[in-house]
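Geometric and topological summary
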Amino acid sequence: MKTNDYVKYITETVVKYIDQPKDERIKIKQEKKESKAGFWFRWFGILPYALKDVVKKRR
């Protein structure tokens, strides 16, 4: 990718972000946050998540 292409892409991305209403930006940010996997799952995989689930069921 040439430098001009990169600058053009960054400029388009920034302009697209600025043109969105603030409410829409907040909504998109919130949706991304909700769809993201939890900390334990992202960092350690399914095993700690399963272990936590088993412990939680015993209580």
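What counts, and where the lines are drawn
Per chain, residues are indexed from 1 in the order of the written sequence. Where local features are concerned, this predicted model is filtered to residues with pLDDT of at least 70; where side-chain atom pairs are given and counted, the filter is 80 or more; whole-chain, interface and lining totals use all residues. No hydrogens and no water enter the side-chain calculation; it runs on all heavy atoms of the structure. Strands are runs of DSSP state E lasting at least 2 residues, helices are runs of H or I lasting at least 4, and numbering of each runs from the N terminus. Based on C-alpha atoms, the radius of gyration is set beside the globule rule, defined as 2.2 Å times the residue count to the power 0.38. In this scheme, a residue with accessible area under 20% of its type's maximum is buried, one over 50% is exposed, and one in between is partly exposed, where area comes from a 1.4 Å probe on protein chains only. As used throughout, the charge tally considers Lys and Arg to be positive and Asp and Glu to be negative, leaving His and the chain termini uncounted. To locate a charge, the coordinates of NZ of Lys, CZ of Arg, CG of Asp or CD of Glu are taken. Surface patches are drawn from residues lacking salt bridges whose relative accessible area is over 30%; two like charges belong together within 9 Å, two nonpolar side chains (Val, Leu, Ile, Met, Phe, Trp, Tyr) within 5 Å. Computed with the Shrake-Rupley method and a 1.4 Å probe, the accessible areas treat only the protein chains shown as cover for residues. Any Lys or Arg side-chain nitrogen found within 4 Å of a carboxyl oxygen on Asp or Glu counts as a salt bridge. Multiplying 1.5 Å by the residue count of a helix minus one yields the expected span of that helix. Each residue gets a pLDDT score, which is the predictor's confidence in that residue and runs from 0 to 100.

**Some details on the overall build of the chain**
- Counting its regular elements, the chain contains 4 helices and 0 strands.
- The globule rule puts the C-alpha radius of gyration for 59 residues at 10 Å, and the 20 Å found for the chain is more than 25% above it.
- Taking the principal axes of the C-alpha coordinates as reference, the chain spans close to 55 × 30 × 10 Å.
- Within the chain, the fraction of its 59 residues that count as buried is 2%.
- With 16 positive and 8 negative side-chain charges, the chain shows a separation of 11 Å between the mean positions of the two kinds.

**What to know about a positive patch on the surface**
- Taken together, the side chains of Lys-29, Lys-33, Lys-36 and Arg-42 make up a positively charged region of the molecular surface.
- Looking at where Lys-36 falls in the secondary structure, it is placed in the loop between α2 (22-35) and α3 (39-44).
- For Lys-36, a relative accessible area of 53% corresponds to the exposed category.

**Some thoughts on α2**
- Spanning 14 residues, α2 covers 20 Å between terminal C-alpha atoms, matching the ideal 20 Å at 1.5 Å per step.
- Across the 14 residues of α2, 0 count as buried, placing the element largely on the outside.

**Considering the confidence of the model for the chain**
- For the chain, the average pLDDT comes to 87, and 98% of its residues sit at 70 or higher.
- By mean pLDDT, the top-scoring element of the chain is helix α1 (residues 3-19) (94), and the lowest-scoring one is α3 (76).

**Topic: the environment of Lys-52**
- Mapping Lys-52 onto the fold places it in helix α4 (residues 46-58).
- C-alpha separation for the pair Lys-52 and Lys-33, spaced 19 residues apart in sequence, amounts to 22 Å.

**Details of the environment of Pro-48**
- Within the secondary structure, Pro-48 is located in helix α4.
- Residues Pro-48 and Lys-27, 21 residues apart in the sequence, show an inter-C-alpha distance of 31 Å.

**Observations concerning a nonpolar patch on the surface**
- Together, Tyr-6, Tyr-9, Ile-10, Val-14, Tyr-17 and Ile-18 make up a nonpolar patch on the protein surface, roughly 630 Å² of accessible area in all.
- Relative to the helices and strands, Tyr-6 is located in helix α1.

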